[in-house]
Amino acid sequence: MPESNLHCFSDLATLRQRVGTWQQAGERVVLVPTMGALHVGHLALVAEARRIGHRVVASIFVNPTQFGPNEDFSRYPRDLEADLALLGQAGADAAWTPAVETMYPPGFATRIDVAGLTDGLCGPFRPGHFSGVATVVTKLLNQVGPDVALFGEKDFQQLRVIQQAVADLDLAVEIRGVPTVREADGLALSSRNRYLTPEERAVAPRLHAVLADIAAATRGGSPVAGPVADGRAALEAAGFQVQYLAVCDTQTLAQVDRVEAPARVLTAAFLGRTRLIDNVAV
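Here's what I pulled together on the structure shown here. (Residues numbered from 1 in each chain as written. Predicted model: local features only at pLDDT ≥ 70, side-chain atom pairs only at ≥ 80, totals over all residues. Heavy atoms only, no water.)

All right, on to the sheet that holds strand β1 (residues 7-9) then. Reading across from one edge, β1-β4-β3-β2-β5-β6 is the order of the six strands in this open sheet, with parallel pairing throughout. Of all strands in the sheet, those with a lone pairing partner are β1 and β6 (174-178), marking the two edges. Sheet twist, expressed as the average angle between the axes of neighbouring strands with direction ignored, equals 25 degrees. Sheet topology places strand β2 (residues 29-34) next to strand β3 (residues 55-60); six bridges connect them, and they run parallel. Pairing of T34 across the sheet is with I60, part of β3. Strands β2, β3, β5 (148-152) and β6 of the sheet are contacted by helix α2 (residues 40-52), whose axis makes an angle of about 150 degrees with β5. Against the sheet, helix α5 (residues 129-144) engages β2, β3, β4 (94-96), β5 and β6, with an angle of about 150 degrees to β2. (Pairing = 2+ DSSP bridges. Helix = DSSP H or I, 4+ residues; strand = E, 2+ residues; numbered from the N terminus. Axes fitted to C-alpha atoms, helices over the stretch in contact; angles between N-to-C directions. Contact = heavy atoms within 4.5 Å.)

Below, the structure written as structure tokens:
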């Protein structure tokens, strides 16, 4: 295993100085924002960052403002030492690990809201979530100053919200989505998968299978209502509590009756206590 050259930063001025040195030397800096609890999906983002850039910065910050009062902020998995070891092995150049007080100092009073894209899907079920995401990601982009930032397509609504915020605020960074990494049985990799019991883990791949069936059934422009209703019934029969299951326009995230432009099948569902999200391109 190659020796790690990872530099860990918790001081913003020092981080900016290092990134500035790289960019002044003509090196392209790519940011991979994470909340830690790293898995193969995160490492795929780092690998893509290495492929397209000269320097890779990964941030690790469990952002309290994107969790609701009854969500899993307190039990969200945290293992900084293991995460840093994985980043080093994956070839990241720097880890930005700010404290909560650095991100939200006393008197912090600004939030970013992205209208429209947050009205449906996860938005109604997680009030304030996307405002927290847009705010913290904007801060991370301003702190690191990367040329490119990478986000997994599993959180597709999040990706679109961030792209919109960056465009609206004229931030000088390119936002790229990276395809979802899956287990061999189709389950999308997620830090929350570790919450699943063995019995639930055996059922969980059904989520992706149903989305794939809906996508296949709607690609020819057929009405989506029937396949979506059948998919919801199949998921509920398998033990999922479905929050939403919809076919949406890729750009606007508005639900469509027929697929006449690029679209995605998106869902969020509970399996036991674990909330799973996934999507498949039509």
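From this point, things continue past the structure.
By the definition in use, this model includes twelve salt bridges. Note that R28 and E174 form a salt bridge whose closest N and O atoms lie 3.5 Å from each other. One end of the pair, R28, is in the loop between α1 (12-24) and β2; the other, E174, is in strand β6, and 146 residues separate them in sequence. Of the residues examined, E174 reaches a relative accessible area of 32% and is grouped as partly exposed. Its salt-bridge partner being R176, residue E174 comes within 2.7 Å of it at the nearest N-O pair. (Salt bridge = Lys/Arg side-chain N within 4 Å of Asp/Glu carboxyl O. Buried < 20%, exposed > 50% of the residue type's maximum accessible area, 1.4 Å probe, protein only.)

Another aspect to go through is the sheet that holds strand β7 (residues 241-249). A sheet is described by the order of its strands in space; here three strands give the open sequence β7-β8-β9, paired in antiparallel fashion. Edge positions in the sheet fall to β7 and β9 (274-281), since each has one partner strand and no second. Neighbour-to-neighbour, the strand axes of this sheet turn through a mean angle of 10 degrees, independent of strand direction. Here eight bridges tie strand β8 (residues 263-271) to β9, and the two strands are oriented antiparallel to one another. Note that in β9 the partner of A269 across the bridge is L276.

Once that is clear, we can look at the nonpolar core. Side chains of a nonpolar character, in soluble globular proteins, are inclined to be buried together. Grouped together as the largest cluster of nonpolar side chains are 43 residues, with contacts concentrated most on V57, L141 and I175. Only α1, β2, β4, α5, β5, α6 (156-168), β7 and β8 provide two or more residues apiece to this core. Looking at this core element by element, the count peaks at eight residues for α5. Beyond its immediate chain neighbours, meaning those up to four positions away, I175 contacts L141, A149, F151, L159, I162, Q163 and V166. Core analysis: the next-biggest nonpolar cluster, separate from the first, contains 23 residues, L207, V210, I214 and A215 among them. (Core = buried A, V, L, I, M, F, W, Y, C linked by side-chain atoms within 4.5 Å.)

With that settled, consider the environment of A95. Looking at the element boundaries, A95 is found in strand β4. Not counting residues within four places of it along the chain, the set of residues in contact with A95 comprises L6, H7, C8, F9, A58, L84 and L87.

A few words now on the packing of α2 against helix α3 (residues 80-90). The relative placement of two packed helices is expressed as an angle between their axes plus a distance between the axes. Packing of α2 against α3 leaves a shortest axis separation of 10 Å and a crossing angle of 35 degrees. α2 and α3 meet at a crossing whose hand is right-handed. Contacts from L43, V46 and R50 in α2 reach L86, L87 and A90 in α3. Grouping the amino acids of the contact of α2 with α3 by side-chain chemistry returns five nonpolar, no polar and one charged. (Left-handed = near helix turned anticlockwise from the far one by under 90°. Nonpolar A, V, L, I, M, F, W, Y, C, P; charged D, E, K, R; others polar.)

So, about α5. With 16 residues, α5 extends 22 Å between its outermost C-alpha atoms, agreeing within 8% with the 22 Å of an ideal straight helix rising 1.5 Å per residue. Where α5 terminates, the next one or two residues include G145, which has phi positive at roughly 65 degrees. (Expected span 1.5 Å × (residues − 1).)

A word on unusual backbone geometry. Generally, phi is negative for residues other than glycine and the peptide bonds are trans, each holding for most cases. Phi at A37 takes a positive value of approximately 50 degrees, unusual for a residue other than glycine. Of note, A37 is situated in the loop between β2 and α2. In this structure A37 comes out as buried when scored by relative accessible area, which is 4%. One non-glycine residue, D170, lies in positive phi territory at about 55 degrees. In this structure, D170 sits in the loop between α6 and β6.

The topology assignment puts L169 in the loop between α6 and β6. Not counting the four nearest positions on each side in its chain, L169 is found in contact with I112 and T138.

Here the focus is the packing of helix α8 (residues 206-218) against helix α9 (residues 225-237). Where α8 meets α9, the closest approach of the two axes is 9 Å, and the angle between their N-to-C directions is 165 degrees. Taken together, the axes of α8 and α9 are roughly antiparallel relative to one another. The handedness of the crossing between α8 and α9 is right-handed. Of the residues in α9, those touching α8 at R206, L207, V210, I214, A217 and T218 are P227, V228, G231, A234 and L235. Class assignment for the residues of the contact of α8 with α9 results in eight nonpolar, two polar and one charged. (Parallel < 35°, antiparallel > 145°, perpendicular 65-115°, else oblique.)

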